[in-house]
Amino acid sequence: MSKYYSKINVLDIPDIYKYYDTDFRAILEEKVSF
């Protein structure tokens, strides 16, 4: 098993958003914590 495997997360966000779409950014911020 690769050492990077544990760093991959599937976010299940549909690919329907344009670049820098505000709705997409809101969903992304909700799913990803920094």
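Everything that follows concerns the structure shown earlier in this document.
All of these numbers come straight from a predicted model, not from anything done at the bench.

**Q** When you look at the packing of aromatic side chains in this model, what are you seeing that I'm missing?
**A** For any pair of aromatic rings, the description rests on two quantities: the centre-to-centre distance and the angle between the ring planes. Counted according to the given criterion, the structure contains 2 aromatic pairs. Each ring, one from Tyr 17 and one from Phe 24, has its centre 5.8 Å from the other, and the planes form 35°; the classification is tilted. Judged by centre distance (4.6 Å) and plane angle (80°), the ring pair of Tyr 19 and Tyr 20 falls under edge-to-face. What makes Tyr 19 exposed here is its relative accessible area of 74%. With relative accessibility at 53%, the residue Tyr 20 sits in the exposed group.

**Q** Explanation requested: the environment of Leu 28 in the structure shown.
**A** Note that Leu 28 resides in helix α1 (residues 22–31). Take Leu 28: its relative accessible area is 30%, and that puts it in the partly exposed class.

Rules used throughout
Residues numbered from 1 in each chain as written. Predicted model: local features only at pLDDT ≥ 70, side-chain atom pairs only at ≥ 80, totals over all residues. Heavy atoms only, no water. Phe/Tyr/Trp six-rings, centres within 6.5 Å; stacked < 30°, edge-to-face > 60°. Buried < 20%, exposed > 50% of the residue type's maximum accessible area, 1.4 Å probe, protein only. Helix = DSSP H or I, 4+ residues; strand = E, 2+ residues; numbered from the N terminus.

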